[in-house]
Amino acid sequence: MLTIVLPLSEAAAEEPNPLLPHNAEIIFGFVFLILLAIAFAKVVVPKFEKAYADRTAAIEGGMNEAKQAQAEAKAALDKYNAQLAEARQEAAKIREDAREQGALIIAELREQANAEADRIVTHARTQIDAERTQAVASLRGEVGTLATSLAGRIVGESLEDEARQRRTVERFLAELESSESARQAVGTDG
């Protein structure tokens, strides 16, 4: 049995193990792996680095643009708020000016209305005084004529004399005015 075992072990020593690669394959594989690593480091890694740097720059640029856009939007909002506040102040000033002008117009119209009313009252008083004077003169003439005809009937003689008639009427009216003045003085004192 020994003899049989030896040849098998010799045969086994001479034949390479199928599970283990040959030494030349290991060296060739190792050299290829080194060349592949060098090529990968020279070609692929810089492209990845460049893509990573570009992506980082794009993201940072986008963030910077977003910050800049946000700052511009904030500045525009501040400007808008300032303009809005200014417009509100201007509107308040315009309203206040309009109120003042309205008050002035109302005061002027009241003054004009009062002046017109005073003018109308003055004109009416003047007209009333003129009509009263005319009525008093007309009544004096009528009262005088009636008084002389009545007195002539009572006395029984004609009072046709114009001068006598005028004196009689004037005396009668003077007595009436003095009695009316006395009544008014008594009425205001009491």
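Residues numbered from 1 in each chain as written. Predicted model: local features only at pLDDT ≥ 70, side-chain atom pairs only at ≥ 80, totals over all residues. Heavy atoms only, no water.

1. Considerations on the overall build of the chain
Right, so step 1: Scanning the chain from N- to C-terminus turns up three helices and zero strands.
Right, so step 2: Reading the helices (α) and strands (β) of the chain from amino to carboxyl end gives α-α-α.
Right, so step 3: Buried residues in the chain amount to 4% of all 190 residues.
Right, so step 4: Accessible area of the chain: about 16,900 Å², with a carbon and sulfur share of 62%. (Helix = DSSP H or I, 4+ residues; strand = E, 2+ residues; numbered from the N terminus. Buried < 20%, exposed > 50% of the residue type's maximum accessible area, 1.4 Å probe, protein only. Areas by Shrake-Rupley, 256 points an atom, 1.4 Å probe, with all protein chains shown as cover.)

2. Examining the environment of Thr145
Right, so step 1: Summarising the element assignment, Thr145 is placed in helix 2 (residues 23–155).
Right, so step 2: Along the backbone, Thr145 and Gln165 are 20 residues apart, and their C-alpha atoms lie at a distance of 8.2 Å.

3. Digging into the pattern of salt bridges
Right, so step 1: Scanning the model with the defined rule gives four salt bridges in all.
Right, so step 2: We note a salt bridge from Arg119 to Glu116, for which the minimum N-O separation is 2.4 Å. Here Arg119 pairs with Glu116, and both are found in helix 2, just three residues apart, close to one helical turn.
Right, so step 3: Asp129 is the partner of Arg132 in a salt bridge, and the nearest nitrogen-oxygen pair spans 2.8 Å. Taken together, the residues span about one helical turn, with Arg132 and Asp129 both in helix 2 at a distance of three residues. (Salt bridge = Lys/Arg side-chain N within 4 Å of Asp/Glu carboxyl O.)

4. Focus on the confidence of the model for the chain
Right, so step 1: Summary statistics for the chain give a mean pLDDT of 83 and a share of 86% for residues scoring 70 or more.
Right, so step 2: Across the chain, element-level confidence peaks in helix 2 with a mean pLDDT of 89 and bottoms out in helix 1 (residues 2–14) with 53.
Right, so step 3: Confidence over residues 1–6 falls short of pLDDT 50; this stretch has zero contacts with residues more than four positions distant or in other chains. (pLDDT = per-residue confidence, 0-100. Contact = heavy atoms within 4.5 Å.)

5. Structural notes on a nonpolar patch on the surface
Right, so step 1: Judged by side-chain polarity, Ile27, Phe30, Val31, Ile34, Leu35 and Ile38 come together as a nonpolar surface patch covering roughly 570 Å² of accessible area.
Right, so step 2: Checked against the element boundaries, Ile27 lands in helix 2.
Right, so step 3: Owing to a relative accessible area of 55%, Ile27 belongs among the exposed residues under this scheme. (Patch = residues over 30% accessible without salt bridge, like charges linked within 9 Å, V, L, I, M, F, W, Y side chains within 5 Å.)

6. As for the environment of Phe172
Right, so step 1: Its place among the elements puts Phe172 in helix 3 (residues 162–189).
Right, so step 2: According to the relative accessible area criterion, Phe172 is partly exposed, its value standing at 39%.
Right, so step 3: Phe172 sits 28 residues away from Gly144 along the chain, and the two C-alpha atoms are 8.6 Å apart.

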